[in-house]
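For reference, the chains in residue letters:
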Amino acid sequence: FAALEDRKAGVTWAVQLACPSSWMMEIRRKDDCLNLMAGLPDEDFGHWAKTIRPGERFETPEAYLTAGKGGADEVSQRLLTVQRRQMPHPDAKLPVMFNEYCTTWGNPTHENLKQIAECLDGKGMEFLVIDAGWYRKPGIGWSDCGGDWIPEETEMFPEGLKATADMIRAHGMKPGLWFEPETCAPNADIFRHEDLLLTRDGTVIDTDNRRFLDMRKEEVHAYLEERVISLLKRCGFEYTKIDYNDCIGMGCDDPDSIGEGLRQNMQGTLRFFRRLREAIPGITIENCSSGGHRLEPSLMAVTDMASFSDAHECAEIPIIAAQLHRVILPAQSQIWAVLQASVSIRRINYSLINTFLGVMCISGDVIHLSAEQWQKVDEGTDFYRQVRHIISDGVSAFFGDLSESWRHP
C-alpha cells in the first residue's frame, strides 16, 4: 500500500497490490513529475525474473488505484471497497469469539478446555478456538513439534480430539483449531522428508526451528488434505486459524529465479486456502502470521478475517489496529482483549474497547475474573453486538493526534 498526498490541492493518490509474495513500490522524480510505480519486484532488489516463451501467458498480480479528495485516511477507504466485494461472507455478522492461547499458553488439554468452556457457557461467545500445542510431544515445546498434525491423545486428549470439539459445541460454541500447515519443526517426521520441502541453491531452507513445505507440489497438497483438511472434517471443526511463524527469505529454487519460486509457492498457498473452503463449506478461516506479511488483498479474499498483530497484551493495540484501517476492513481485522484477573476494571475496559476497531476476540485468565470484572466484560460484549453492524458496514475516519511514540503511548 502507498499513498501520495497533494496537500495543496487536497487530493491523494493511493495504490494497493494484491500480492502475497515479493513486491516493489518506487516513488521517484522525473523532470517536473512525481512517479509512483508498483508491481512485482525487479531482479536487482527483489530477485525476481521470469522467462515468458512464445505462446506462453503470464498474469501479473492485481493492483488497485484510486484518487480522491482528502488525505490518506479518507482515500484509502475507497480502495477497501474492492476488498469488501471480495469478502467470502460479506453479510455475516461479526462474531464475539474466544481463543485460549493467552489462557493456557500452549497447553490446550481437554481438561483445560473443559474448564474454559464451562466458564464461557451462556456468555454468547460464537467460537472457542484451540490454539497451538494440541499436537505436541511429551517434554517438547509446541513450537518444535508442528508439521505432522497428529493430536496428542495420551495425556492431552485421552478421549480423542473429536470428543473435545463435541464438548465445546455442547457448551454453545463452535470449535476451532490452529494449524501452521506450510511449515514443519525439527521434531516432526515430515521435517526429514526433504523431497517435499523448499530449497535454495539445492539445499533445504532451514531457519531457527522451521523448514517449509513446497506448496507447488501435488504430493504436499495430498499430505495437507490428509493431515489438515481431513482432521478438521472428522472432528467437526467449524473454524481454523492458519498461522505462519517464520520467513524463507528472498525465495526458493526455480529455473527462472528464486523470486519466481517464492511467487509460485504463495500461489500454491492460495490454492490450499481455496481447497479448504471447498472441502468444508461454511468453515470460518483466520489468516495469521503473527500479524505480518499476509494482510494483503489476495489472502484477505480467501479468508474471513486476519489477526491484526500479536501485540495482544500491549498498550499500543488501538494505534496498530487503527492504522490497519487503511489496508484491511475492520470487519476482517481480529483484535484480542486479553483479560487478567490481576488488572483494574479500567484496564479491562480499555482492552474491550480496543476490539471495537475490528472483530472482538477474548482471551486470558477468564476463569479467575471477579464478578465485577465479568460484569464489565458482559457490558462490553453486549454493546459490541449492538454496534457491530457499524463496524462491519461503516467507513473509518481518524480524529485527534497520535502520541510521538507508538510503542509507549
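Residues numbered from 1 in each chain as written. Predicted model: local features only at pLDDT ≥ 70, side-chain atom pairs only at ≥ 80, totals over all residues. Heavy atoms only, no water.

Trainee: Can you explain empty space enclosed by the protein? Please cite residues and give values.
Mentor: Empty space among the atoms can be located by rolling a probe the size of a water molecule over them. Considering all chains together, one arrives at 1 cavity of 30 Å³ or more under this definition. The space that makes up the largest cavity amounts to roughly 40 Å³. Considering the residues around the largest cavity, the lining is formed by Y135, W142, S143, G146, W149, W178, E180, T183, C184, A185 and R210. Split into classes, the residues belonging to the lining of the largest cavity amount to 6 nonpolar, 3 polar and 2 charged. (1 Å grid on protein atoms, 1.4 Å probe; cavity = no way out; pocket = protein on both sides within 12 Å on 5 of 7 lines; lining within 4 Å. Points joined across faces, edges and corners; volume = space filled by probe spheres on them. Nonpolar A, V, L, I, M, F, W, Y, C, P; charged D, E, K, R; others polar.)

Trainee: Give me the lowdown on the environment of S22, citing residues and values where you can.
Mentor: Summarising the element assignment, S22 is placed in the loop between β2 (11-17) and β3 (24-30). Residue class for S22 comes out partly exposed when judged on its relative accessible area of 22%. When the C-alpha positions of S22 and R227 are compared, they lie 29 Å apart, and in sequence the two are 205 residues distant. The contact partners of S22, leaving out residues within four places of it in the chain, are L40, P41, M250 and L262. (Helix = DSSP H or I, 4+ residues; strand = E, 2+ residues; numbered from the N terminus. Buried < 20%, exposed > 50% of the residue type's maximum accessible area, 1.4 Å probe, protein only. Contact = heavy atoms within 4.5 Å.)

Trainee: So what's going on with the state of the cysteines? Which residues, and what values?
Mentor: Among covalent bonds in proteins, the disulfide is the one between the sulfur atoms of two cysteines. On inspection of all chains with the given rule, the structure shows 0 disulfides. Here C102 is not disulfide-linked; the sulfur of C361 is the nearest cysteine sulfur, at 8.9 Å. According to the relative accessible area criterion, C102 is buried, its value standing at 4%. (Disulfide = S-S within 2.5 Å.)

Trainee: Tell me about the layout of surface pockets, residues and numbers included.
Mentor: Within this model, the largest pocket holds a volume of roughly 470 Å³. Looking at the lining of the largest pocket, the elements with two or more residues in it are β2 and α7 (258-279). When grouped by side-chain class, the residues that make up the lining of the largest pocket number 14 nonpolar, 6 polar and 2 charged.

Trainee: Give me the lowdown on the pattern of salt bridges, citing residues and values where you can.
Mentor: Scanning the model with the defined rule gives 29 salt bridges in all. Notably, a salt bridge pairs K137 with D148, separated by 3.7 Å at the nearest N-O pair. With K137 in the loop between β7 (127-130) and α5 (161-170) and D148 in the loop between β7 and α5, the pair connects residues that are 11 residues apart, well separated along the chain. Notably, a salt bridge pairs D166 with R169, separated by 3.1 Å at the nearest N-O pair. Of the two residues, D166 and R169 are both situated in helix α5; the distance of 3 residues between them amounts to about one turn of the helix. R169 gets classed as partly exposed once you look at its relative accessible area, which sits at 32%. Each member of the salt-bridge network shares a partner with another, and the members are K50, D256, E260 and R263. (Salt bridge = Lys/Arg side-chain N within 4 Å of Asp/Glu carboxyl O.)

Trainee: Give a detailed account of unusual backbone geometry, specifying residues and quantitative values.
Mentor: You will see that H47, though not glycine, has its phi angle at about 55 degrees, which is positive. As for its placement among the helices and strands, H47 is situated in the loop between α1 (43-46) and β5 (63-69). A relative accessible area of 29% places H47 in the partly exposed class. Here the phi dihedral of W105 falls at roughly 50 degrees; this positive angle occurs in a residue that is not glycine.

Trainee: Give a detailed account of the packing of aromatic side chains, specifying residues and quantitative values.
Mentor: The final tally for this structure, using the stated rule, is 16 aromatic pairs. Arranged with centres 5.5 Å apart and planes meeting at 75 degrees, the rings of W149 and F179 form a pair that is edge-to-face. Of the two residues, W149 sits in the loop between β7 and α5 while F179 sits in strand β8 (residues 174-179), which places them 30 residues apart along the sequence. Residue W149 shares its accessibility class with F179, and that shared class is buried. Above the face of the W374 ring, K123 is positioned so that its terminal group lies 4.2 Å from the ring centre. (Phe/Tyr/Trp six-rings, centres within 6.5 Å; stacked < 30°, edge-to-face > 60°. Lys NZ or Arg CZ within 6 Å of the ring centre and 35° of its normal.)

Trainee: Let's hear about α7: which residues, and what values?
Mentor: The terminal C-alpha atoms of α7 lie 31 Å apart, and with 22 residues this matches the ideal 32 Å at 1.5 Å per residue to within 8%. Taken across its 22 residues, α7 has 16 buried, putting it largely inside the fold. (Expected span 1.5 Å × (residues − 1).)

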